[in-house]
Amino acid sequence: VNNVAPARIMAKVIRAETAILPIFTAPCGGRVQRIFVNGSPYADMDVAGTVTVKATKAVIGDTDADLCSTIAIGSATVPTLDTAIDGTLTAANVDLIEGQHVYATIVVSNHAVETAVAYITLNIEWVPTEQ
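Visitor: It is not clear to me how the packing of aromatic side chains should be interpreted in this structure. Could you clarify?
Guide: We describe a pair of aromatic rings using the distance from one ring centre to the other and the angle between the two ring planes. If you walk through the whole model with that rule in mind, you get one aromatic pair. A ring pair is formed by F24 and W126, whose centres lie 5.9 Å apart and whose planes are at 15 degrees; its orientation type is stacked. Of this pair, F24 sits in strand 1 (residues 17-25) while W126 is found in strand 9 (residues 120-128), placing the two residues 102 residues apart along the sequence.

Visitor: What exactly am I supposed to notice about the pairing of strand 3 (residues 51-57) here?
Guide: The two faces of a sheet get side chains in turn, since along a regular strand they alternate between them. When you tally the buried positions in strand 3, you get six out of seven residues, the bulk of the element. Inspection of the sheet shows strand 3 paired to strand 8 (residues 101-108) by seven bridges, in the antiparallel sense. Across the sheet, K54 pairs through a bridge with T105, a residue of strand 8.

Visitor: What exactly am I supposed to notice about the nonpolar core here?
Guide: Within soluble globular proteins, side chains that are nonpolar generally end up buried alongside one another. In this structure, I35, L122 and I124 are the most contacted members of the largest nonpolar core, which totals 23 residues. Within the residue set of this core, elements represented by two or more residues are strand 1, strand 2 (30-39), strand 3, strand 5 (71-74), strand 8 and strand 9. With four residues, strand 8 is the single largest residue contributor to this core. L122 has contacts with I23, I35, F36, V37, V53, A55 and A104, leaving out every residue within four places of it along the chain.

Visitor: Honestly, the environment of T83 in this entry has me stumped. Any pointers?
Guide: Its place among the elements puts T83 in the loop between strand 5 and strand 6 (85-86). Sequence separation of T83 and F36 is 47 residues, and the distance between their C-alpha atoms is 10.0 Å. Once residues lying within four places of it in the same chain are set aside, the contact partners of T83 are V37 and N38.

Visitor: Is there a simple way to explain the pattern of salt bridges in this structure?
Guide: Think of it this way: side chains of opposite charge can pair up when their charged atoms draw near. What the rule picks out here adds up to four salt bridges. With its nearest N and O atoms 2.8 Å apart, the salt bridge here joins D86 to R34. Of this pair, D86 sits in strand 6 while R34 sits in strand 2; the two residues are 52 residues apart in sequence, bridging distant segments of the chain. Its relative accessible area of 47% is what places D86 among the partly exposed residues. Among the residues examined, R34 registers a relative accessible area of 31% and is labelled partly exposed. Across the pair E125 and R34 runs a salt bridge whose closest N-O atoms are separated by 3.6 Å. Residue E125 is found in strand 9, and its partner R34 is found in strand 2; the two are separated by 91 residues along the sequence. Among the residues examined, E125 registers a relative accessible area of 36% and is labelled partly exposed. Via salt bridges that share partners, R34, D86 and E125 belong to a single interconnected network.

The rules behind these values
Residues numbered from 1 in each chain as written. Predicted model: local features only at pLDDT ≥ 70, side-chain atom pairs only at ≥ 80, totals over all residues. Heavy atoms only, no water. Phe/Tyr/Trp six-rings, centres within 6.5 Å; stacked < 30°, edge-to-face > 60°. Helix = DSSP H or I, 4+ residues; strand = E, 2+ residues; numbered from the N terminus. Buried < 20%, exposed > 50% of the residue type's maximum accessible area, 1.4 Å probe, protein only. Pairing = 2+ DSSP bridges. Core = buried A, V, L, I, M, F, W, Y, C linked by side-chain atoms within 4.5 Å. Contact = heavy atoms within 4.5 Å. Salt bridge = Lys/Arg side-chain N within 4 Å of Asp/Glu carboxyl O.

By themselves, these figures tell us nothing about what the structure is for.
Here is the structure:
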């Protein structure tokens, strides 16, 4: 209708959408130490809007494995913006092999968009296990 935010929001993830975004490819064998998110999601948090994210590793020939639990980066009950939120690691899945793909799944609820100035940062801390 107009070219004023949020009517013309440009984003990788939009309202009522699930997006799968690449994070990185493990250059060598490694172990995930910590996963945390930060951000200022744009869904309306005052009316029970939610934005969640989780990190997953691709497993060739098998089901992909979640590296952590789903993290609520924004909701009516988690209204604090710009505060890092730790995910709970899935202990059985924290090891990575060389060339393994890691991706994020972000889900935005079907709620009004409050602002076009929003972001989510997913951080994965890992260490190499090969010499």
